[in-house]
Amino acid sequence: MSTPTSRVMHRNFRETPPKAIGGEGVWLIAEDGRRVLDSSGGAAVSCLGHQHPRVIEAMARQASKLAYAHTAFFSSEPAEELAERLVGHEPGGLAYAYFVSGGSEAVEASIKIARQYFIERGETKRQRFIARRQSYHGNTLGALAAGGNAWRREPYAPLLSDAFSHVTPAFAYHEKRDDETESDFVARLAAELEAEFQRLGPDTVAAFIAEPVVGATAGCVPAPEGYFRAVREICNRHGALLILDEVMCGMGRTGTLHAWEQEGIAPDIQAIAKGLGGGYQPIGAMLATSRIVDTIREGSGSFLHGHTYLGHAMACAAALEVQKIISEEHLLDQVKQRGARLERRLTERFGNHRHVGDIRGRGLFQAIELVADRATKAPFDPKLKLNARIKAKAFALGLACYPAGGTVDGRSGDHVMLAPPYIASEDEIDMIVDRLGQAVDEALKSVGH
Ligand SMILES: Cc1ncc(COP(=O)(O)O)c(C=O)c1O
């Protein structure tokens, strides 16, 4: 038995990662002084980069007043103000916010409030949820059951509820047939969703849940034009709710505060996290329409759910300042501008690369997909662990990015996700692409390509 070098259970039980001891804008500083360019904001979290002075100051101000008061007794100024900022103007009809500690909790709350809403309406048969393959909704058991990612689900399959079923994702690069137009593809996906409602019994379905731009499992996959309008129409027709999981793609990441703004629809329930607090505090939220909240208010009166750290004052204060900065400094415009640059630079660097099959995404949420053969889109052998090699090579070059495997079906395929802070300069965007290019080529060389 080996002597432990750390008592922390790290992600890899055999390796202790270097300690991060500081941050400055898009840079993270390791214990040995090395500066690492954070090109993915961790997991699309650090939208304002690291150690933003205004956020640090807001947290210090709140800490000096009150760190925590239980929501069974009190509300707090930052929670009230944050909710007012997020849903006071009722974007897309979303009118109330429920503050939790992260994305999985936001998804759990979304699923549960959908179920409770139908109980309160006397539609108790509605207990099924339709989700999509190759999606990720979090790691707690409810959220994991909603997710459709094969390798994450596999070990826990016996524990996952069969209230969730999965349909084909709107992933054109892999799922659209060559003889289909984009609208044929959308029509086929809509027909499949309709068939799934019919198979389950339309009056048993509580909600359809999807990420507007799929994040970690498939690598920044936006849906084809018209897909979400078709989905919204099917849900409406059957009296089911639409839950959008914007934990990764939301809060400005794609160039609009909510990714659904670019789809011409709005959800009934939305999960947000990551960019909400920008990593300064662990915070997520479930947003819901007044129809849902009023139904419960006029029925049993309370949401049968809760956590100790609901509406945490420090977390809300940090998120409030993050959101103020995004709006006061017009960072959504910057996401669009820098996002266009990132996409252009990725296309220049990888557009003709023989092992990059697709470059996709929206705003500052872009990915490249690695393929063994561009013509057939055949993935690399997963045993080569190409994505892990790219991650290691990039890190050695001073770049933290977000490569992942299982892109095609949860088992094979490799992609690299980029989600730089909204404050990244043009030079920093260029540096990300240069370093990634070198890391990809070195990693491919290491597997004989
Ligand atoms: C789309 C999506 N939903 C939910 C989650 C879960 O969030 P958390 O890791 O904060 O629990 C994630 C995390 O990556 C995510 O990307």
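Residues numbered from 1 in each chain as written. Predicted model: local features only at pLDDT ≥ 70, side-chain atom pairs only at ≥ 80, totals over all residues. Heavy atoms only, no water.

Undergrad: How would you summarise the overall build of the chain if you had to cite specific residues and measurements?
TA: Counting its regular elements, the chain contains 14 helices and 17 strands. A compact globule built from 449 residues would reach a C-alpha radius of gyration of about 22 Å, and the chain, at 22 Å, matches this within 12%. Taking the principal axes of its C-alpha atoms as reference, the chain extends roughly 65 × 60 × 55 Å. Relative to its full complement of 449 residues, the chain shows a buried share of 55%. Counted over contacts in the chain with a minimum sequence separation of 6, partners at least 24 positions apart contribute 72%. By element, 52% of the accessible surface of the chain is carried by carbon and sulfur atoms, the whole surface being about 19,400 Å². Of note, the chain has its 51 positive side-chain charges centred 5 Å away from the centre of its 56 negative side-chain charges. (Helix = DSSP H or I, 4+ residues; strand = E, 2+ residues; numbered from the N terminus. Rg over C-alpha atoms; globule rule 2.2 N^0.38 Å. Buried < 20%, exposed > 50% of the residue type's maximum accessible area, 1.4 Å probe, protein only. Contact = heavy atoms within 4.5 Å. Areas by Shrake-Rupley, 256 points an atom, 1.4 Å probe, with all protein chains shown as cover. Lys, Arg positive; Asp, Glu negative; His and termini not counted. Charge placed at Lys NZ, Arg CZ, Asp CG, Glu CD.)

Undergrad: With reference to specific residues and values, describe helix H12 (residues 331-350).
TA: If you check H12, its first and last C-alpha atoms are 27 Å apart, about what 20 residues at 1.5 Å a residue would give, namely 28 Å. Here the buried face of H12 lies against helix H11 (313-328), strand E13 (356-362), strand E14 (365-370), strand E17 (414-418) and helix H14 (426-446). (Expected span 1.5 Å × (residues − 1).)

Undergrad: Would you mind going over the sheet that holds E14 in detail, with residue names and values included?
TA: Spatially, E13-E14-E17-E16 is the arrangement adopted by the 4 strands of the open sheet, whose pairing is antiparallel. Each of the sheet's edge strands pairs with one partner strand only, and the pair in question is E13 and strand E16 (402-405). Adjacent strand axes in the sheet meet at a mean angle of 20 degrees, parallel and antiparallel pairs treated alike. By the bridge criterion, 5 bridges tie E14 to E17 in an arrangement that is antiparallel. Paired with Ile368 across the bridge in E17 is Val416. Strands E13, E14 and E17 of the sheet are contacted by H12, whose axis makes an angle of about 15 degrees with E14. Taken strand by strand, helix H13 (residues 386-396) contacts E14, E16 and E17, and its axis lies near 165 degrees from that of E16. (Pairing = 2+ DSSP bridges. Axes fitted to C-alpha atoms, helices over the stretch in contact; angles between N-to-C directions.)

Undergrad: Lay out the pattern of salt bridges with the relevant residues and their values.
TA: Within this structure, the stated rule accounts for 31 salt bridges. A salt bridge links Arg188 to Glu180, with the nearest nitrogen and oxygen atoms 2.5 Å apart. Residue Glu180 is classed as buried on the basis of its relative accessible area of 9%. A salt bridge links Arg291 to Asp268, with the nearest nitrogen and oxygen atoms 3.3 Å apart. Remark: Asp268 occurs in the loop between strand E10 (241-245) and strand E11 (269-272) and Arg291 occurs in helix H10 (residues 290-298); sequence separation between them is 23 residues. (Salt bridge = Lys/Arg side-chain N within 4 Å of Asp/Glu carboxyl O.)

Undergrad: I'd like a rundown of the sheet that holds E11, residues and numbers included.
TA: Across the sheet, 7 strands lie side by side as E4-E12-E11-E10-E7-E5-E6; this open sheet has mixed pairing. Lying at the two open borders of the sheet, with one neighbouring strand each, are strand E4 (94-100) and strand E6 (164-167). Geometrically, the sheet is characterised by an average inter-axis angle of 20 degrees between neighbouring strands, direction not taken into account. Pairing analysis gives 6 bridges linking E4 to strand E12 (residues 284-289), with the strands arranged antiparallel. Counterpart to Phe99 in the pairing with E12 is Ala285. On the sheet, helix H4 (residues 103-120) packs against E4, strand E5 (128-132), E6, strand E7 (205-210), E10, E11 and E12 and is oriented at approximately 165 degrees with respect to E11. The strands touched by H10 within the sheet are E4, E10, E11 and E12, with E12 carrying the most contacts at an inclination of about 85 degrees.

Undergrad: Outline the side chain of Ser40, supporting the account with residue identities and numerical values.
TA: Positionally, Ser40 belongs in the loop between strand E3 (35-38) and helix H1 (41-44). With a relative accessible area of 2%, Ser40 lands in the buried category. Within polar-contact distance, the side chain of Ser40 engages the backbone oxygen of Gly42 at 2.7 Å. (Polar contact = N/O pair within 3.5 Å; in protein donor to acceptor, adjacent residues only side chain to side chain.)

Undergrad: Please give an account of the layout of surface pockets that cites residues and values.
TA: Space inside the second largest pocket adds up to approximately 820 Å³. Taken together, 33 residues line the second largest pocket, and the ones lying closest to its centre are Tyr96, Ala97, Tyr98, Phe99 and Leu310. Listing elements by their share of the lining of the second largest pocket, those giving two or more residues are helix H3 (77-87), E4, E12 and H10. Here the residues of the lining of the second largest pocket are counted per class, giving 19 nonpolar, 11 polar and 3 charged. (1 Å grid on protein atoms, 1.4 Å probe; cavity = no way out; pocket = protein on both sides within 12 Å on 5 of 7 lines; lining within 4 Å. Points joined across faces, edges and corners; volume = space filled by probe spheres on them. Nonpolar A, V, L, I, M, F, W, Y, C, P; charged D, E, K, R; others polar.)

Undergrad: Go over the site of the ligand with me, naming the residues and quoting the values.
TA: Around the ligand, the surrounding shell consists of Gly102, Gly103, Ser104, Tyr136, His137, Gly138, Glu211, Asp245, Val247, Met248 and Lys274. Backbone polar atom of Gly103 to an oxygen atom of the ligand: 2.8 Å apart, as the coordinates give it. Take Lys274: an N or O atom from its side chain is 2.9 Å from an oxygen atom of the ligand. Taken by itself the ligand offers 390 Å² of open surface, and the protein chains cover 82% of this. (Near = heavy atom within 4 Å.)

Undergrad: I'd love a proper account of H4, names of residues and values included.
TA: Here H4 spans 26 Å end to end across 18 residues, near enough to the 26 Å set by a 1.5 Å rise per residue. Among the residues of H4, those classed as buried are Gly103, Ala106, Val107, Glu108, Ala109, Ser110, Ile111, Ile113, Ala114, Gln116, Tyr117 and Phe118.

Undergrad: So what's going on with the packing of helix H2 (residues 53-65) against H11? Which residues, and what values?
TA: Between H2 and H11, the least distance of the axes is 9 Å, while the angle of their chain directions is 150 degrees. One finds that H2 runs roughly antiparallel with respect to H11. Along this stretch, H2 crosses H11, giving a crossing that reads as right-handed. In this structure, H2 contributes Arg54, Val55, Ala58, Met59, Arg61, Gln62 and Ala63 to the contact, and H11 contributes Ala313, Met314, Ala317, Ala318, Glu321, Val322, Lys324, Ile325 and Glu328. Taken together, the residues that form the contact of H2 with H11 break down as 10 nonpolar, 1 polar and 5 charged. (Parallel < 35°, antiparallel > 145°, perpendicular 65-115°, else oblique. Left-handed = near helix turned anticlockwise from the far one by under 90°.)

Undergrad: Describe the packing of aromatic side chains, listing the residues and the values that go with them.
TA: By the definition in use, this model includes 5 aromatic pairs. Residues Tyr68 and Tyr309 carry aromatic rings whose centres are separated by 5.9 Å and whose planes lie at 75 degrees to one another, so their mutual orientation is edge-to-face. Pair noted here: Tyr68 is in the loop between H2 and H3 and Tyr309 is in the loop between H10 and H11, with a separation of 241 residues, a long-range link. Tyr68 gets classed as partly exposed once you look at its relative accessible area, which sits at 29%. On the numbers, 5.1 Å between centres and 65 degrees between planes, the contact of Tyr98 with Phe303 is edge-to-face. Of the two residues, Tyr98 sits in strand E4 while Phe303 sits in the loop between H10 and H11, which places them 205 residues apart along the sequence. The same class applies to Tyr98 and to Phe303, which are both buried. (Phe/Tyr/Trp six-rings, centres within 6.5 Å; stacked < 30°, edge-to-face > 60°.)

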